[in-house]
Amino acid sequence: MKNIGTIFRFTFREQARKKSYLIVTVLLMLVAAGLVALPTIVTRLQSGKTAQNGQTAPSSGVFYLYDDTSAAIDPAALQKALPDYTVKTVSADRLDTVKQAVLTGKSGKDDVLAVFRQTGGSSAPAPSFSYYTKSRNSGPDPDKLAEIFRTIRAEYLLHRSGVTSVTAADILRPVTYSTQAGDHSDNMAGFVPAIAVCILLFIAIFTYGIWVATSIAAEKSSRVLEILITSTRPSGIVIGKSLAMGTLGLIQLLLVLGSGAVSYMAVGGGGQLAVFSFAGFTPGAFLLLFVYFVLGFSLYAMLSAVAGASVSNAEDLRSAMQPITILGVVSFYLSYGSFMAPGTPLSLVASLIPFSAPFAMPARLMMAGVPWWQVVLSLLLLAGTTWGMGALSIRLYTSALLHYGKQLKIRDLFRMAGRSN
């Protein structure tokens, strides 16, 4: 245990002092904070709502309204429904001029025009409107606008029929609802946070595993391992280095997540991120996420350590890591494919296979609704595989540690391990 601590402190200190580690950590924190804040900033810039000295910034533009239905669309009610715009009515003689100005964008603002009419005869006229904007992405959403027009027109017709304002408000009151489901794996609002967790865990586990392989390969090429092997067992080197790299990686991961969380709170937690569901980010889910990170990293770190020991110089490390890279990428895409088919056997299989479980199961937990027995079974399979692969990796690592020359193939590693018995 003492030797493991020595290797841990040595590796941790050497890696933490590197400028590359510090620079990458700061850059990742800045990128995470920027990506989280960007949707809200863009939304606020587009809507023109920037608070300055307690004053609200000017509106997005002018909403021109032409209504030939005897005031069925009340401009005051429309103004209340569209606070970002200045609602102005248009007379028939100016309609063509305003339409041309809106379509060409001559005003330089996000001006729009709605021409509201009723067609289909006097007995049962059908309401409709034509919508003019300078581009497809400018102006209020047409579906939202149609709902606003429907509500305003309904209020007008109810009032004309003698219905009191209180009764009219009760009739037009929206019906609220809540949903409950046993399996939320098809919850699209939680899909983006879940896939983000999957990608982040894959990058973290795989990248920090490469750190272990790189450290071993670099020290082997510099003959530092020959000194270390005289004072500690090979198993102590593997475990100590894996713990050190895992700790550094976890610190970096927490800093990145923390900067994103701080940025999210700083911008008010709104904007386009409001359409995403973060209900699955419970303390229990975070604890399980940590456990899956530790087990997943340990699994890939042990394999990476063998890859690092199988080469004599860092230049050959890429080819040595190729089988592990293929295994990781296939496992990631298996996890990603399970999100495309939630609630299917593929989703369950990806959560149980030890090499894909560290990516698939935490993401499913972010979406909630995972049966407890699946979580327990997934953890048992992952822990058992990690322990077994760890024991095998240490054995292979011990055999290849002092080998110099050409890169060892997998069959060579097993042959050397068999001879060492």
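Right, let's walk through the structure included here. (Residues numbered from 1 in each chain as written. Predicted model: local features only at pLDDT ≥ 70, side-chain atom pairs only at ≥ 80, totals over all residues. Heavy atoms only, no water.)

1. Digging into a nonpolar patch on the surface
A surface patch of nonpolar side chains, amounting to about 630 Å² of accessible area, comprises W372, W373, V376, L377, L380 and L381. Relative to the assigned elements, V376 resides in helix α14 (residues 372-400). The exposure class assigned to V376 is partly exposed, which follows from its relative accessible area of 38%. (Patch = residues over 30% accessible without salt bridge, like charges linked within 9 Å, V, L, I, M, F, W, Y side chains within 5 Å. Areas by Shrake-Rupley, 256 points an atom, 1.4 Å probe, with all protein chains shown as cover. Salt bridge = Lys/Arg side-chain N within 4 Å of Asp/Glu carboxyl O. Helix = DSSP H or I, 4+ residues; strand = E, 2+ residues; numbered from the N terminus. Buried < 20%, exposed > 50% of the residue type's maximum accessible area, 1.4 Å probe, protein only.)

2. Some remarks on the packing of helix α11 (residues 317-340) against helix α12 (residues 345-352)
Between α11 and α12, the shortest axis-to-axis distance is 8 Å and the interhelical angle comes to 145°. Seen along the crossing, α11 lies across α12 with a hand that is left-handed. On α12, the residues that touch L334, S335, G337 and S338 of α11 are L346, S347 and A350. Of the residues that constitute the contact of α11 with α12, the class distribution is three nonpolar, four polar and no charged. (Axes fitted to C-alpha atoms, helices over the stretch in contact; angles between N-to-C directions. Left-handed = near helix turned anticlockwise from the far one by under 90°. Contact = heavy atoms within 4.5 Å. Nonpolar A, V, L, I, M, F, W, Y, C, P; charged D, E, K, R; others polar.)

3. Some remarks on the environment of L255
Among the secondary structure elements, L255 is positioned in helix α9 (residues 234-266). In this structure the C-alpha to C-alpha distance between L255 and V26, which are 229 residues apart in sequence, comes to 8.8 Å. Those residues in contact with L255 that sit more than four places away from it in its chain are T25 and M29.

4. Quick word on the pattern of salt bridges
Applying the stated criterion across every chain yields a total of one salt bridge. Notably, a salt bridge pairs E147 with R150, separated by 2.9 Å at the nearest N-O pair. Highlighted residues: E147 and R150, both in helix α5 (residues 142-160), separated by three residues, approximately one helical turn. Overall, R150 belongs to the partly exposed group, its relative accessible area being 45%.

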